[in-house]
Amino acid sequence: IDRVTQHILSKIRASKQESRKRTVRLLRTWDNKPYAIDENGECWRAYIFVERARAYEVLETPEQAYGIAKAFGEFQQQLTDLPGERLHETIPDFHNTPKRIQQLEEAFARDVMGRAKEVQEEFDFIMERKEDAGVLLRLNESGDIPERITHNDTKSNNILIDDLSGEGICVIDLDTVMPGLSLYDFGDMVRTGTSPAPEDELDLSKV
């Protein structure tokens, strides 16, 4: 997170972008570390507060959707030349869809709670599209899609939108920033941005 945000900050300053463009920044300790360990051995971090901006659980206008998409696109673009070693994979196989399908098949077969029959139709729907699940990974392996640094959690509420201009000005929640494919971020952004209800909505009639 520190490497990524410092790099983005240098890009913003170098390009002399409007002052409302932001990046979250880790506050430093007296010994210049981006974290602090307390007397119980717990690790803490703090960020610079981004003023006059907020996140939205559900998008309210097409302009917000555009601003969020643009901000995530700029985020990826700014990190194409991040120097140094490859970023740590925070969650290995996070977007490895074939592996997720395999885990689903195994869980469905075990059926430890006896509920598989209730979702047979949904399970069949997924299995009919099983081969599609590996398309992006195969394209990456063949060199047709390059690896990028991706956010991997491109929900609408992970962009701060400027209260005055309505522009997406700052990407937040960077714990899952790691190597990935740009289409992961695009797909996740569309998945969440097109939903008229929060991600954890239990009333499916609203989804």
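Treat the numbers as computed from the prediction; the structure is a model and nothing was measured.

A. Broad picture of the packing of aromatic side chains. Overall, the coordinates contain 1 aromatic pair when judged by the stated rule. Measuring from ring centre to ring centre gives 3.7 Å for phenylalanine 108 and phenylalanine 123, while their planes differ by 5°; the resulting arrangement is stacked. Remark: phenylalanine 123 occurs in helix H4 (residues 120–128) and phenylalanine 108 occurs in helix H3 (residues 97–110); sequence separation between them is 15 residues. Residue classification places phenylalanine 123 among the buried positions, given a relative accessible area of 13%. In this arrangement the basic side chain of arginine 129 is found over the ring face of phenylalanine 125, its NZ or CZ atom lying 3.6 Å from the centre.

B. Examining helix H1 (residues 2–15) more closely. Taking 1.5 Å as the rise per residue, H1 with 14 residues should run 20 Å; its terminal C-alpha atoms sit 20 Å apart, in good agreement. Buried within H1 are the following residues: Val4, Thr5, His7, Ile8, Leu9 and Ile12. The secondary structure elements touched by the buried residues of H1 are helix H2 (62–78). The positive-phi residue at the C-terminal boundary of H1 is lysine 16, with phi of around 55°.

C. How the structure looks around the environment of arginine 28. Checked against the element boundaries, arginine 28 lands in the loop between H1 and strand S1 (36–37). Taking the C-alpha atoms as reference, arginine 28 lies 43 Å from lysine 206; in sequence the two are 178 residues apart. Ignoring anything within four residues of it in the chain, the contact list for arginine 28 reads Asp2, Gln6, Lys33 and Pro34. At 2.7 Å, the side chain of arginine 28 and the side chain of aspartate 2 are in polar contact. A distance of 3.4 Å separates polar atoms of two side chains, one belonging to arginine 28 and the other to asparagine 32.

D. Local environment of empty space enclosed by the protein. Under the criterion given, the structure shown has 1 cavity of 30 Å³ or more. Empty space within the largest cavity amounts to approximately 140 Å³. Lining the largest cavity are 15 residues, and of these Arg22, Gln78, Ile169, Cys170 and Val171 sit closest to its centre. Broken down by secondary-structure element, the contributors of at least two residues to the lining of the largest cavity are H1, H2 and strand S6 (168–171). Partitioned by chemical class, the residues of the lining of the largest cavity number 8 nonpolar, 4 polar and 3 charged.

E. Expanded view of the pattern of salt bridges. Applying the stated rule across the entire model yields 11 salt bridges. Between aspartate 2 and arginine 28 there is a salt bridge, and its shortest N-O distance comes to 2.7 Å. Of the two residues, aspartate 2 sits in helix H1 while arginine 28 sits in the loop between H1 and S1, which places them 26 residues apart along the sequence. Each of Arg86, Glu89 and Glu147 takes part in salt bridges that share partners, so that together they form one network.

F. Fine view of the sheet that holds strand S5 (residues 159–162). Sheet architecture is open: 3 strands sit in the order S3-S5-S6, paired in antiparallel fashion. Every interior strand has two partners, whereas the edge strands, strand S3 (53–54) and S6, have only one. Bridge count between S5 and S6: 3 bridges; the pairing is antiparallel. Bridging from a neighbouring strand, isoleucine 161 pairs with glycine 168 of S6.

G. Seen up close, the environment of aspartate 185. Following the sequence through the fold, aspartate 185 ends up in helix H6 (residues 182–193). In this structure the C-alpha to C-alpha distance between aspartate 185 and threonine 154, which are 31 residues apart in sequence, comes to 5.7 Å. Once residues lying within four places of it in the same chain are set aside, the contact partners of aspartate 185 are Gln76, Thr150, His151, Asn152, Asp153 and Thr154.

H. Region of interest: the pairing of S5. Of the two faces of S5, the one holding Ile159 and Ile161 and the one holding Leu160 and Asp162 are both buried throughout. Bridging between S3 and S5 involves 2 bridges; their strand directions are antiparallel. Looking at the pairing, alanine 53 lines up with aspartate 162 of S5.

Conventions adopted
Residues numbered from 1 in each chain as written. Predicted model: local features only at pLDDT ≥ 70, side-chain atom pairs only at ≥ 80, totals over all residues. Heavy atoms only, no water. Phe/Tyr/Trp six-rings, centres within 6.5 Å; stacked < 30°, edge-to-face > 60°. Helix = DSSP H or I, 4+ residues; strand = E, 2+ residues; numbered from the N terminus. Buried < 20%, exposed > 50% of the residue type's maximum accessible area, 1.4 Å probe, protein only. Lys NZ or Arg CZ within 6 Å of the ring centre and 35° of its normal. Expected span 1.5 Å × (residues − 1). Contact = heavy atoms within 4.5 Å. Polar contact = N/O pair within 3.5 Å; in protein donor to acceptor, adjacent residues only side chain to side chain. 1 Å grid on protein atoms, 1.4 Å probe; cavity = no way out; pocket = protein on both sides within 12 Å on 5 of 7 lines; lining within 4 Å. Points joined across faces, edges and corners; volume = space filled by probe spheres on them. Nonpolar A, V, L, I, M, F, W, Y, C, P; charged D, E, K, R; others polar. Salt bridge = Lys/Arg side-chain N within 4 Å of Asp/Glu carboxyl O. Pairing = 2+ DSSP bridges.

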